[in-house]
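Take a look at the letters that make up each chain.
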Amino acid sequence: MPETTPQEATRGLWSGAAAYGIWGLFPLFWPLLEPSPADDILVNRMVWSMAAVLLMLLVQRHWGWIRPLLRQPRRLAMSAGAATVVSVNWGVYIWGVNSGHVVETSLGYFINPLVTIAFGVLLLHERLRTAQWAAVGVGALAVAVLTIGYGRPPWIALTLAFSFAVYGLLKKKVALSGLESLAVESAFMFPFALGYLVHLAVSGHGTFGHTVPGSYGWGHSGLLVLSGLITAVPLLCFGAAAVRVPLTVLGLLQYLAPVFQFLIGIAVFHETMEPARWAGFALVWAALAVLTWDALRRLRTDRSAAPGVVGPAGPRPAEAAPAPAGTG
């Protein structure tokens, strides 16, 4: 990462906080789209995300990356895989929030860094330090405790964590910016989403463009359109942050989203937390504290070892730099 001025670094910090803050507030938005079911919300989000990202690309006149990408079928195939995985992530998240499982969705993004590190070991053959092994082990224990607390495996959280980890792995291979990757993924999702949206409209099960007296009106359709914009805006904020602050700082900022989601689940939606669930979450937070301490310690060591290097240092691959666009 190139050297940045203090003003640019501050701007990047606020941009990152805005991105993860918006993602953290998503549980307040999706219930506004009821009585639309999760599948209706999901396909509307896909369709209007395509519209929003095309508008942003048009304003920025940012088209030069498309032609080289079209000549690389392997990257296109991985982008299609990323689109599939993020569709699962979005759908499960929306369903989880609107079915009263906000706290469990936050758990998914709390444990995602641990799953990403496990992927680094299993798939990329990365070597972990002792503290990272300890964090992964504590995270696995937390899942076992939460399974007892919920009376079932926390499948919503696990689906979100694993799908986001796979998504991050594919994005790392494709190596596109946040806006570019959303454009490609939206392009893959768009025809399927539009077809399903037309099916819902023809079968009378869709809510976009319809009004039901006493239930929802045209404002509801406006909110469905808005879902595309709120998908794209935090990506722009994330992109502004990614080029101005170290990846270690972004790695710390990513915890804002699940913290906000957890607090919203407890304080706004009054979801119950049994003692075993508190114990499981406490173990997850302990694992993340160990992971954060280890990353910061390694950052200080790197800077001390290379005092002449200008510019901020980022985490090692196994330290799971955050991937945008998957949160909610």
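Located above this text is the structure these notes cover.
Everything numeric in this text was worked out from a predicted model, so none of it was measured. (Residues numbered from 1 in each chain as written. Predicted model: local features only at pLDDT ≥ 70, side-chain atom pairs only at ≥ 80, totals over all residues. Heavy atoms only, no water.)

Chemist: Sorry if this is basic, but what is going on with the overall build of the protein here?
Modeler: In terms of helices and strands, the protein carries 13 helices and 0 strands. When its helices and strands are written in sequence order, the protein yields α-α-α-α-α-α-α-α-α-α-α-α-α. Whereas a compact globule of 328 residues would reach a radius of gyration of roughly 20 Å, the protein reaches 20 Å, a difference of no more than 12%. The principal-axis extents of the C-alpha atoms in the protein amount to approximately 65 × 55 × 40 Å. Relative to its full complement of 328 residues, the protein shows a buried share of 49%. Sequence-distant contacts, at least 24 apart, represent 85% of the contacts inside the protein between residues at least 6 apart. (Helix = DSSP H or I, 4+ residues; strand = E, 2+ residues; numbered from the N terminus. Rg over C-alpha atoms; globule rule 2.2 N^0.38 Å. Buried < 20%, exposed > 50% of the residue type's maximum accessible area, 1.4 Å probe, protein only. Contact = heavy atoms within 4.5 Å.)

Chemist: What should I look at first to understand helix H7 (residues 130-150) in this one?
Modeler: Every α-helical turn comprises 3.6 residues, leaving residues that sit three or four positions apart pointing alike. The end-to-end C-alpha distance of H7, which contains 21 residues, comes to 30 Å, matching closely the 30 Å that a straight helix rising 1.5 Å per residue would cover. Along H7, the positions that sit buried rather than exposed are Ala131, Gln132, Ala135, Val136, Gly139, Ala142, Leu146, Gly149 and Tyr150. Relative to the axis of H7, the buried residues are bounded by an arc of 135 degrees and lie together on one face. Looking at H7, the residues exposed on the side facing more than 90 degrees away from the buried face are Thr130 and Ile148. Looking one or two residues beyond H7, the residue adopting positive phi is Gly151, at roughly 75 degrees. (Expected span 1.5 Å × (residues − 1). Arc of directions from axis to C-beta.)

Chemist: Please explain unusual backbone geometry as it appears in this structure.
Modeler: With glycine set apart, most residues show a phi of negative sign, and most peptide bonds adopt trans. A cis amide bond links Glu34 to the next residue, Pro35, at an omega of 15 degrees. Turning to its location among the elements, Pro35 is positioned in the loop between helix H2 (26-29) and helix H3 (38-60). The phi torsion at Arg61 lies on the positive side, around 55 degrees, for a residue other than glycine. Located in the positive-phi region is Ala175, a residue other than glycine, with phi close to 60 degrees. Checked against the element boundaries, Ala175 lands in the loop between helix H8 (155-174) and helix H9 (178-203). Given a relative accessible area of 55%, Ala175 falls into the exposed group.

Chemist: Looking at this model, I keep getting lost on the packing of helix H5 (residues 73-98) against H9. Mind explaining?
Modeler: Packed helix pairs are specified by the crossing angle of their axes together with the interaxial distance, meaning the distance between the axes. Contact pair H5 / H9: the axes reach a minimum separation of 9 Å and the direction vectors enclose 75 degrees. Of the possible angle classes, the one that applies to H5 and H9 is roughly perpendicular. Of H9, the residues touching H5 (which contributes Leu76, Ser79, Ala80, Ala82, Ala83, Val86, Ser87 and Trp90) are Leu182, Val184, Glu185, Phe188 and Met189. By residue class, the composition of the contact of H5 with H9 is 10 nonpolar, 2 polar and 1 charged. (Axes fitted to C-alpha atoms, helices over the stretch in contact; angles between N-to-C directions. Parallel < 35°, antiparallel > 145°, perpendicular 65-115°, else oblique. Nonpolar A, V, L, I, M, F, W, Y, C, P; charged D, E, K, R; others polar.)

Chemist: What am I meant to see in the environment of Gly228 here?
Modeler: Looking at the element boundaries, Gly228 is found in helix H10 (residues 218-242). Of the residues examined, Gly228 reaches a relative accessible area of 0% and is grouped as buried. For the pair Gly228 and Ser49, spaced 179 residues apart in sequence, the C-alpha separation works out to 3.8 Å. When neighbours within four sequence positions are excluded, Gly228 is seen to be in contact with Arg45, Trp48, Ser49 and Ala52.

Chemist: What should I look at first to understand the side chain of Gln261 in this one?
Modeler: Tracing the sequence through the fold places Gln261 in helix H12 (residues 256-267). There is a polar contact of 3.4 Å between the side chain of Gln261 and the backbone oxygen of Trp23. (Polar contact = N/O pair within 3.5 Å; in protein donor to acceptor, adjacent residues only side chain to side chain.)

Chemist: What is the right way to look at the nonpolar core in this model?
Modeler: Considering soluble globular proteins, one finds that nonpolar side chains tend to be buried as a cluster. Among the nonpolar cores identified, the biggest contains 58 residues, and Trp23, Trp30, Trp65, Trp90 and Tyr93 are the most heavily contacted of them. The greatest single-element share of this core, amounting to 11 residues, is contributed by H5. Among all residues touching Trp65, those that are not within four sequence positions of it are Leu57, Leu176, Glu180, Ala183 and Val184. Membership of the second largest hydrophobic core comes to 26 residues, among which are Phe110, Ile117, Val284 and Ala287. (Core = buried A, V, L, I, M, F, W, Y, C linked by side-chain atoms within 4.5 Å.)

Chemist: For this particular structure, what's the right way to read H8?
Modeler: Between its first and last C-alpha, H8 extends 28 Å over 20 residues, near the 28 Å set by a 1.5 Å rise per residue. Residues of H8 that are buried include every one of Ile156, Ala157, Leu160, Ala161, Ser163, Phe164, Ala165, Tyr167, Gly168, Leu170, Lys171 and Val174, and no others. Against H5, helix H6 (102-122) and H9 lie the buried residues of H8. Taken from the residues just after H8, Ala175 is the one with a positive phi, measuring 60 degrees.

Chemist: Sorry if this is basic, but what is going on with the pattern of salt bridges here?
Modeler: Side chains that carry opposite charge are capable of pairing whenever their charged atoms lie near each other. Enumeration over the complete set of coordinates arrives at 3 salt bridges. A salt bridge links Arg152 to Glu104, with the nearest nitrogen and oxygen atoms 2.8 Å apart. Linking Arg152 in the loop between H7 and H8 with Glu104 in helix H6, this pair joins segments that are 48 residues apart in sequence. Arg152 gets classed as partly exposed once you look at its relative accessible area, which sits at 24%. A salt bridge links Asp294 to Arg129; the shortest N-O distance between them is 2.7 Å. Taken together, the residues Asp294 in helix H13 (residues 275-305) and Arg129 in the loop between H6 and H7 connect sequence positions 165 residues apart. Of the two residues, Asp294 and Arg129, neither departs from the other in class, the shared state being buried. (Salt bridge = Lys/Arg side-chain N within 4 Å of Asp/Glu carboxyl O.)

Functional significance is not addressed by these values, which are geometric in nature.
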